[in-house]
Every structure is written in structure tokens, then in C-alpha cells.
Amino acid sequence: MFGLEKDSKWWKLFQHYNLLNGIEILENRYILESKNKKIYPSQNEVLNAFNLCDFRDTKVVIIGQDPYHGPRQAHGLAFSVNDGVEIPPSLRNIFKEIQRDLNIDFHRNGNLSPWAKQGVFLLNTILTVEQGNPLSHKEWGWETFTKFCIEKLDQHNDGLVFMLWGGNAKKVRPFLQNNKNLILETSHPSPLSVYRGFDGCSHFSQCNDFLIKHDQKPIDWSLPNN
């Protein structure tokens, strides 16, 4: 089912709340649509963020909008691209802020899988997209599904850090009610809005300070081949 591992806590959560049938309906629609259109990411990578960052392993939640809509880019992690793919402008600005904040250099690798494996849940609110057509799957029902995931993370995990960048991500703010979690908000890292607050936000050092304070291992924000 979209590549989701059946032994994961996410699978058990979806099973408990009777969501597996709904996910199957979304997958059937994906299969049907992909007969005539190119859809990203690949079918087995749609829930990649869930496989790399299980429910109880999550420390940080970074929320994107929908997947990149160009060839070879999307692989199921918000803001991330496959190895060897040119780094998109928003991700480049994320790297610039990490470099300013933590003095970590970035060069050519935009695959954020190492972050996910440390507990950074890189979640788009819409998980699929048609090639060359951003927000084309806005009406599929993904946002109801991802809202559920965000709410359950907030309800059942203490010491989480939520990074809400831009208007779309900030829409989840009313659903975050656990005062034991940290919410960091600023503008989107897109070149159109990075100057409105993202540049200089220091979210990455604030995140690690919070994790350390709550007896958790901080995130190593560096990447291979930096």
C-alpha cells in the first residue's frame, strides 16, 4: 500500500483508526490516473516519509505543500530531492539558513533521507502530484489524511518540534494543542518569501536546543557529500 511497511507503528495506527481502506482508495486512484498521466512520486515512494520516520521515532515535523512536479525530483520527503538532482531554490535557502545558523556547509546533495532517519518527519500536506501541474491533487483528500497524522503526532508524543514555514504549513497551527511540544513559525524558504522571516530564523539551533533540553539527541543537519 504505497510502499508502507506493515510492521511500522504508522501501519498499526492507520489500522486502529480504520484508515487503511481510505489509503487503498487513494492508491487505486493513483494507479488509474497514472495510466494516462505521469504522477510523482513513484507509487512505492508516496509514503516514504512514514517508512523512514516511524510514529514513535519522530522528533521534528517539517511540513511542505505538495511534491516537486518535475522528473526525478520527488521521492516522498518534503523539500527533498533524489541523489544527483539539482537542488531546488527553497531547499537551497534552507541550506543557507542552516549554514548561517550552525556553520554547516552544503554543496550538491539534496537528499534529506539522513534527516528522516534521525526522526525528522518531512511531510507534505498533499502527497502526490501530476507532472508539471502543482497542486493538481489538492482535491484528492490528502490534506484530511495528513492533518490526522499531524494531530496524532502532537497528541501522543511529547518533546516534538514543529517547523511551520509559510501560510500553508501554518494552517495546521490550530490543531497543535500539546504544550509540551515546540512550535516554530516563519515564512516559507521560497525565494519569493525567504526574506520575510525565514532568513535568520535560527530554527535549526532552536530545535536542537529544545531536543537537548528534553533529553533527546539533537539532529545532525549535515548531509553526506557536503
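Note on numbering: residues in each chain are counted from 1, in written sequence order. Local features are withheld for residues below a pLDDT of 70 in this predicted model, meaning they are given only at 70 or higher, and side-chain atom pairs are given and counted only at 80 or more; totals for whole chains, interfaces and linings count all residues. For side-chain calculations, the full set of non-hydrogen atoms in the structure is used, while hydrogens and water are omitted.

Asker: Just to check I follow, could you spell out the layout of surface pockets for this structure?
Answerer: Unoccupied space between atoms shows up once a probe the size of one water molecule is rolled over them. Here the term cavity refers to a set of points on a 1 Å grid, laid over the protein atoms alone, in which a 1.4 Å probe fits but cannot get out; the term pocket refers to an open set having protein on both sides within 12 Å along at least five of seven lines, with lining residues being those that place an atom within 4 Å of a point. Grid points are joined across faces, edges and corners, and a volume is the space filled by probe spheres set on the points. Approximately 630 Å³ is the volume attributed to the largest pocket. Helical segments are the DSSP runs of H or I of at least four residues, strand segments are the runs of E of at least two, and each set is numbered from the N terminus. When residues of the lining of the largest pocket are traced back to their parent elements, those giving at least two are β2 (60-64), α4 (89-102), β3 (120-124) and α7 (166-170). As a working rule, the residues Ala, Val, Leu, Ile, Met, Phe, Trp, Tyr, Cys and Pro are called nonpolar, Asp, Glu, Lys and Arg charged, and the rest polar, with Gly in that last group. Of the residues contributing to the lining of the largest pocket, the split by class is 17 nonpolar, 16 polar and two charged.

Asker: What's the story with the side chain of Asn48 in this structure? I'm lost.
Answerer: Mapping Asn48 onto the fold places it in helix α3 (residues 48-52). In the analysis that follows, any N or O atom pair within 3.5 Å is treated as a polar contact, provided that within protein one partner can donate a hydrogen and the other can accept it, and provided that, for residues neighboring in sequence, both atoms belong to side chains. Looking at Asn48, its side chain comes within polar contact range of the main-chain oxygen of His75, at 2.8 Å. It only takes one pair of heavy atoms within 4.5 Å for two residues to be counted as in contact. Excluding anything up to four places from it in sequence, Asn48 contacts His75, Gly76 and Leu77.

Asker: Explain the sheet that holds strand β6 (residues 182-186) to me, please; I cannot follow it from the model alone.
Answerer: Sheet strands pair via backbone hydrogen bonds, and the direction of the pair is either parallel or antiparallel. Being paired, for any two strands, means DSSP has found at least two bridges between them. Taken in spatial order, the four strands line up as β3-β2-β5-β6 in an open sheet, and their pairing is parallel. Bordering the open sheet on either side are β3 and β6, each of which pairs with just one other strand. On average, each strand axis in the sheet is inclined to that of its neighbour by 20°, with strand direction left out of account. Looking at chain direction, β2 and strand β5 (residues 161-165) are connected through three bridges and run parallel. Directly across from Ile62, in β5, lies its bridge partner Met163. Packed on one face of the sheet, helix α6 (residues 142-156) meets β2, β3 and β5 and runs near 155° to β3. To get an axis, a line is fitted to the C-alpha atoms, and for a helix only the part in contact is used. The angle between two axes follows their N-to-C directions and goes from 0 to 180 degrees.

Asker: Would you explain the packing of α4 against helix α8 (residues 203-213) in this entry?
Answerer: Helix packing geometry: the angle between the two helix axes and the distance between the axes. One way to put it is that α4 packs onto α8 with a least axis distance of 8 Å and a crossing angle of 60°. One element, α4, and the other, α8, form an angle in the oblique class. Here α4 contributes Ile94, Glu97, Ile98, Asp101 and Leu102 to the contact with α8, which in turn contributes His203, Phe204 and Ser205. Residues of the contact of α4 with α8, tallied by class, amount to four nonpolar, two polar and two charged. Angle categories are assigned with fixed cut-offs, so that under 35 degrees is roughly parallel, over 145 is roughly antiparallel, 65 to 115 is roughly perpendicular, and the rest are oblique.

Asker: Is there a simple way to think about the packing of aromatic side chains in this case?
Answerer: Centre distance within 6.5 Å is the pairing criterion for rings of Phe, Tyr and Trp, where only the six-membered ring of Trp is used; planes under 30 degrees apart are then read as stacked, over 60 as edge-to-face, and the remainder as tilted. Under the criterion given, the structure shown has 18 aromatic pairs. Pairing Phe2 with Tyr30 gives two aromatic rings, centres 5.7 Å apart and planes at 85°, and the pair type is edge-to-face. Of this pair, Phe2 sits in the segment before α1 (9-16) while Tyr30 sits in helix α2 (residues 20-33), placing them 28 residues apart in sequence. A single burial state applies to Phe2 and to Tyr30, both of which are buried. Arranged with centres 4.9 Å apart and planes meeting at 75°, the rings of Trp10 and Phe50 form a pair that is edge-to-face. Of the two residues, Trp10 sits in helix α1 while Phe50 sits in helix α3, which places them 40 residues apart along the sequence. Given the relative accessible area of 1%, Phe50 is considered buried. Two thresholds decide whether a charge sits over a ring: the Lys NZ or Arg CZ must be within 6 Å of the ring centre and within 35 degrees of the ring normal. Between the NZ or CZ atom of Lys147 and the centre of the ring of Phe175, over which it lies, the distance is 4.5 Å. Exposure categories follow from relative accessible area, calculated using a 1.4 Å probe and restricted to protein chains: below 20% of the type maximum is buried, above 50% is exposed, and the middle band is partly exposed.

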